[in-house]
Amino acid sequence: MSTAPFARRLAKVVGIDRLGAYRVLRVADEGPRAEPGQFAMLAAVEGWGGGSEQRPFLPRAFSIARHRDDETHFLLEDVGPGTRRLCELGNGDGLWVMGPLGRGFREPGEGRRALLVGGGVGIAPLAILQDTLGAENTTVLLGFRDAPRTEGAVLLADAQVASDDGSVGYHGLVTELLLEELERDAHALVYACGPAGMLEGVRAICAERQVPAQLALEAGMACGFGACFGCVVPRRGGGYLRVCVDGPVIDGEELDHVDAHAGAPA
Amino acid sequence: MSVSFCGLELAHPIINGSGTFDAIAARRAFGDQLVRDFPFAAYVSKTITLEPREGNPPPRLWESAAGMINSIGLPNKGLEGYLREDLPKLAEIGAEVGMALGAAPPLITNVMGASADEIARLLEECDSYEEIAAFELNVSCPNVKTGLDIGADPRQLEQVVRAVSPSTRKPLIVKLTPNTADVSLCAQAAQDGGADAVSLINTLRATALAPASAKPRRSWLGGGTGGLSGPAIRAVALAQVAAVAQRVEIPVIGMGGVRSASDARDLMDVGASLVAVGTENFRDPAVAARIARELVL
């Protein structure tokens with residue numbers, strides 16, 4: 001696990017690329033390289049606090065989507081005051097970055113093939129995972145709500161795409177593609193990230209077939225380093241896990257279910 | 001800018017608010033750099049209770065204008081788990097910081113109980129541990145008998161502090177609740193009961209509603225209510241710290257929305273001996289070190 005420098009650091013935005021409904025935020029960041037599945041806390045240096053209801057106030061957690069040359073990439077979707085402000089950033093703007101944080105994905109063992117299952121903006125950590133494992137060693141299944149969002153699929157190589165509205169690729173849920181893949185060959189390790197409903201589907205499908213699954217969870221969090229205890233999810237057998245330090249990648253078998261409750265600052 | 005506080009020698013006047021910095025988790029997240037750049041002159045643990053607590057069901061957080069509401073519910077391993085698992089780790093981190101910086105930050109253990117008996121037991125069982133330098137008593141806890149927060153009523157607070165203060169030889173800091181009619185009367189009561197210092201302000205009781213689409217309108221927070229913190233409460237903190245510092249002779253630890261050396265200076269200028277940084281640690285975990293440096297300049 002890569003540890004983070006102890007402080008947020010000032011980084012510069014070097015580009016922001018439109019990708020359908022998403023933005024790829026490209027940052028010149030001198031921090032340590034992330035392992036796949038790790039995340040960083042981001043906040044704009046200017047205008048962080050001037051939005052709707054004087055938000056945002058807290059930094060926002062984002063998976064590292066990719067390191068390319070000297071750049072670190074994050075995938076954004078405007079869904080609230082924090083993500084909106086980040087989507088507005090332009091070249092040369094300052095960005096506070098703290099990370100990499102959390103426990104990332106673990107390598108597949110026992111000759112299992114890596115099956116990457118992503119939904120929406122949650123495809124981000126699967127991109128850096130595929131970079132690390134090598135495209136030839138991965139099978140990629142991605143699901144999106146509609147056509148503008150399916151454009152995000154270019155972040156990964158050789159992806160099979162599903163869309164909720166049938167506008168692109170398979171008409172239906174990405175979990176249906178997962179079922180087909182597992183029917184064909186269940187000797188796999190599933191890596192998944194996406195909305196809570198999708199992750200719960202992946203968890204249940206894998207649990208039933210005893211296929212190991214590593215789920216990258218999302219949660220609103222105040223700090224990202226284990227201090228606030230705000231990002232918890234219920235652990236199987238009782239108690240809670242902190243998404244920031246026990247995850248964000250958590251084995252499916254550690255959870256009874258994935259619910260949408262962990263949400264919040266967006 | 002070393003400071004003497006209740007017999008403890010501190011390198012500077014900046015500490016952390018209880019529950020806003022988990023040194024054990026931070027040691028893992030930040031590695032050795034946490035030790036080299038440890039930002040607090042004394043380290044305050046999160047609240048320990050007799051029995052383990054899981055904390056509130058999520059959602060536990062809400063972001064407000066210039067602040068946040070937390071409804072965490074004081075999850076902790078209980079007294080036994082704290083002494084067995086966390087205290088040795090905190091002591092080790094303290095020793096590492098001592099090696100790196102020349103002085104180990106004293107550990108202040110924050111405890112909470114629903115009765116004087118519970119609190120006395122917590123203090124007694126911790127008292128023999130040399131690793132603990134002082135206690136902070138969280139009195140924002142409903143009294144098991146009256147249902148009223150122990151710290152909300154001066155008479156009740158004085159009785160409890162008087163009953164528990166003989167249970168330890170170490171300094172006892174009473175962390176006052178701001179959710180009361182007159183916090184300076186509560187500070188006076190804590191002093192009269194035998195407290196060695198008071199700290200304030202704790203979070204202001206607050207809530208947030210789930211989105212309007214959810215009917216009936218209910219709280220967003222799994223715990224129903226929570227506590228507001230951050231810059232949104234700094235002006236309240238300044239007024240309450242000033243009122244308390246005028247009222248009592250014992251030292252005062254001021255906190256509430258501190259983000260900068262100038263914020264800390266404000267609290268010290270109205271009478272705080274030490275200043276705690278809380279919510280701002282979430283936004284930048286190293287902020288307290290910067291505040292301490294700037295205060296010295």
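Conventions we followed
Residues numbered from 1 in each chain as written. Chains lettered and ligands numbered in written order. Predicted model: local features only at pLDDT ≥ 70, side-chain atom pairs only at ≥ 80, totals over all residues. Helix = DSSP H or I, 4+ residues; strand = E, 2+ residues; numbered from the N terminus. Rg over C-alpha atoms; globule rule 2.2 N^0.38 Å. Buried ≥ 20, exposed ≤ 12 C-beta atoms within 10 Å, placed from the backbone. Contact = placed C-beta atoms within 7 Å. Nonpolar A, V, L, I, M, F, W, Y, C, P; charged D, E, K, R; others polar. Pairing = 2+ DSSP bridges. Right-handed = clockwise from strand over helix to strand, strands pointing away. Axes fitted to C-alpha atoms, helices over the stretch in contact; angles between N-to-C directions. Left-handed = near helix turned anticlockwise from the far one by under 90°. Domains from an automatic or database assignment. Parallel < 35°, antiparallel > 145°, perpendicular 65-115°, else oblique. Core = buried A, V, L, I, M, F, W, Y, C linked by C-beta atoms within 7 Å.

Trainee: Give me the overall build of chain A: which residues, what numbers.
Mentor: In terms of helices and strands, chain A carries 5 helices and 16 strands. Here chain A has a C-alpha radius of gyration of 17 Å; the compact-globule value for 266 residues is 18 Å, and the two agree. The principal-axis extent of the C-alpha atoms belonging to chain A is close to 50 × 40 × 35 Å. Across the 266 residues in chain A, those meeting the buried criterion constitute 55%.

Trainee: Can you lay out the overall build of chain B for me, pointing to particular residues and giving the numbers?
Mentor: A count of helical and extended segments in chain B gives 10 helices and 14 strands. In terms of C-alpha radius of gyration, chain B reaches 18 Å, essentially the compact-globule figure of 19 Å for 297 residues. Expressed along its principal axes, the backbone C-alpha trace of chain B runs to roughly 55 × 40 × 40 Å. Across the 297 residues of chain B, 55% fall into the buried class.

Trainee: Residue-level account of the interface of chain A and chain B, with values.
Mentor: Many structure descriptions define interface size as the accessible area lost when the parts assemble. In this assembly, 33 residues from chain A lie in contact with 34 residues from chain B. Considered class by class, the residues forming the side of chain A that touches chain B number 21 nonpolar, 9 polar and 3 charged.

Trainee: Quick one: what's the story with the pairing of strand β9 (residues 138-144) of chain A, residue by residue and with numbers?
Mentor: Moving residue by residue along a regular strand, the side chains alternate between the two faces of the sheet. Residues and elements named next belong to chain A. Taken across its 7 residues, β9 has 6 buried, putting it largely inside the fold. Across 6 bridges, strand β8 (residues 113-119) lies against β9 in parallel orientation. By the bridge assignment for β9, alanine 114 is matched with threonine 138. As a crossover connection, the stretch from β8 through helix α2 (residues 124-133) into β9 is right-handed. Two elements, β9 and strand β10 (residues 159-163), share 5 bridges in a ladder whose sense is parallel. Paired with leucine 142 across the bridge in β10 is valine 161.

Trainee: Before we move on, can you summarise α2 of chain A with the specific residues and values?
Mentor: One turn of the α-helix equals 3.6 residues, which is why residues spaced by three or four share an orientation. All names here are of chain A. Taking burial as the measure, the 10 residues of α2 include 7 buried ones, the bulk of the element. Of all the residues in α2, the buried ones are Ala124, Pro125, Leu126, Ala127, Ile128, Leu129 and Gln130. Of the residues flanking the end of α2, it is glycine 134, one or two places downstream, whose phi is positive at about 90 degrees.

Trainee: Tell me what's going on with the sheet that holds strand β3 (residues 39-44) of chain A, and back it up with residues and numbers.
Mentor: Residue and element names in this part refer to chain A. Taking strand neighbours across the sheet as the criterion, the 7 strands line up as β4-β3-β7-β1-β2-β6-β5 in an open arrangement whose pairing is antiparallel. Two strands lie at the open edges of the sheet, namely β4 (60-63) and β5 (66-68), each paired on one side alone. Within this sheet the neighbouring strands show an average axis-to-axis angle of 40 degrees, counted without direction. Across the face of the sheet, α2 comes into contact with β4, β5 and β6 (71-76) while running at roughly 50 degrees to β5.

Trainee: Hey, could you go over the packing of helix α4 (residues 116-127) of chain B against helix α5 (residues 154-164) of chain B for me, with residue numbers and the actual values?
Mentor: The packing of two helices is summarised by the inter-axis angle and the distance between the axes. Residue and element names in this part refer to chain B. Where α4 contacts α5, the axes come no closer than 9 Å and their chain directions differ by 35 degrees. Crossing of α4 over α5 shows right-handed handedness. Contact residues: Ala116, Ile119, Ala120 and Leu123 in α4; Val160, Ala163 and Val164 in α5. Taken together, the residues of the contact of α4 with α5 sort by class into 7 nonpolar, no polar and no charged.

Trainee: Can you explain the sheet that holds strand β7 (residues 107-111) of chain B? Please cite residues and give values.
Mentor: Residue and element names in this part refer to chain B. Judged by pairing direction, the sheet is parallel, and its 8 strands sit side by side in the order β3-β14-β13-β10-β9-β8-β7-β4 without closing on themselves. Looking at which strands have only one partner, the edges of the open sheet turn out to be β3 (14-16) and β4 (43-44). In this structure, β7 lies alongside strand β8 (residues 132-138), joined through 5 bridges in parallel fashion. The residue bridging leucine 107 from the neighbouring strand is isoleucine 132, located in β8.

Trainee: Which residues make up unusual backbone geometry, and what values do they have?
Mentor: Cis geometry marks the peptide bond from glycine 99 of chain A to proline 100 of chain A; its omega dihedral reads 0 degrees. One can find proline 100 of chain A in strand β7 (residues 94-101). The omega torsion across proline 58 of chain B and proline 59 of chain B is 0 degrees, close enough to zero to call that bond cis. When you line up the elements, proline 59 of chain B lands in the loop between β4 and β5 (61-64).

Trainee: Break down the domain arrangement of chain A for me, citing the residues and quoting the values.
Mentor: All names here are of chain A. For chain A, the domain assignment lists domain 1 (9-101) and domain 2 (113-262). Its C-alpha centre places domain 1 at a distance of 21 Å from the equivalent point of domain 2. Elements with a minimum of two residues in the side of domain 1 that touches domain 2: β3, β4, β5 and β7.

Trainee: Describe α5 of chain B, listing the residues and the values that go with them.
Mentor: Residues of α5 of chain B that are buried include every one of Pro154, Gln156, Leu157, Glu158, Val160, Val161 and Val164 of chain B, and no others. Residues of α5 of chain B that are buried make contact with α4, β9 (172-175) and α6 (183-193) of chain B.

Trainee: Let's hear about the environment of valine 296 of chain B: which residues, and what values?
Mentor: Residue and element names in this part refer to chain B. One can find valine 296 in helix α10 (residues 287-296). For valine 296, a count of 12 C-beta atoms within 10 Å translates into the label exposed. The sequence separation of valine 296 and tryptophan 62 amounts to 234 residues, and the corresponding C-alpha distance is 35 Å. With residues up to four places along the chain from it excluded, the contact list for valine 296 reads Met1 and His12.

Trainee: Requested: an account of the pairing of β8 of chain B, with residues and values cited.
Mentor: All names here are of chain B. Burial within β8 is extensive, with 7 of its 7 residues counted as buried. As for the winding sense of the linkage, the β-α-β connection from β7 through α4 to β8 is right-handed. By the bridge criterion, 4 bridges tie β8 to β9 in an arrangement that is parallel. Following the sheet pairing, glutamate 136 is matched in β9 by isoleucine 173.

Trainee: A description of the packing of helix α8 (residues 261-269) of chain B against α10 of chain B should follow, citing residues and the corresponding values.
Mentor: Residue and element names in this part refer to chain B. Where α8 contacts α10, the two axes come as close as 9 Å, and the packing angle between them is 65 degrees. With respect to α10, the element α8 is oriented roughly perpendicular. Our pair here, α8 against α10, has a crossing hand that is right-handed. Residue-level contacts link Ala261, Ala264 and Arg265 of α8 to Ile291, Glu294 and Leu295 of α10. Taken together, the residues of the contact of α8 with α10 break down into 4 nonpolar, no polar and 2 charged.

Trainee: Describe the nonpolar core, with residues and values.
Mentor: Counting residues in hydrophobic clusters, the biggest one holds 183 residues, and the most contacted among them are Val202 of chain A together with Ile173 and Val198 of chain B. Counting residues domain by domain, this core receives three or more from each of domain 1 (9-101) and domain 2 (113-262) of chain A.

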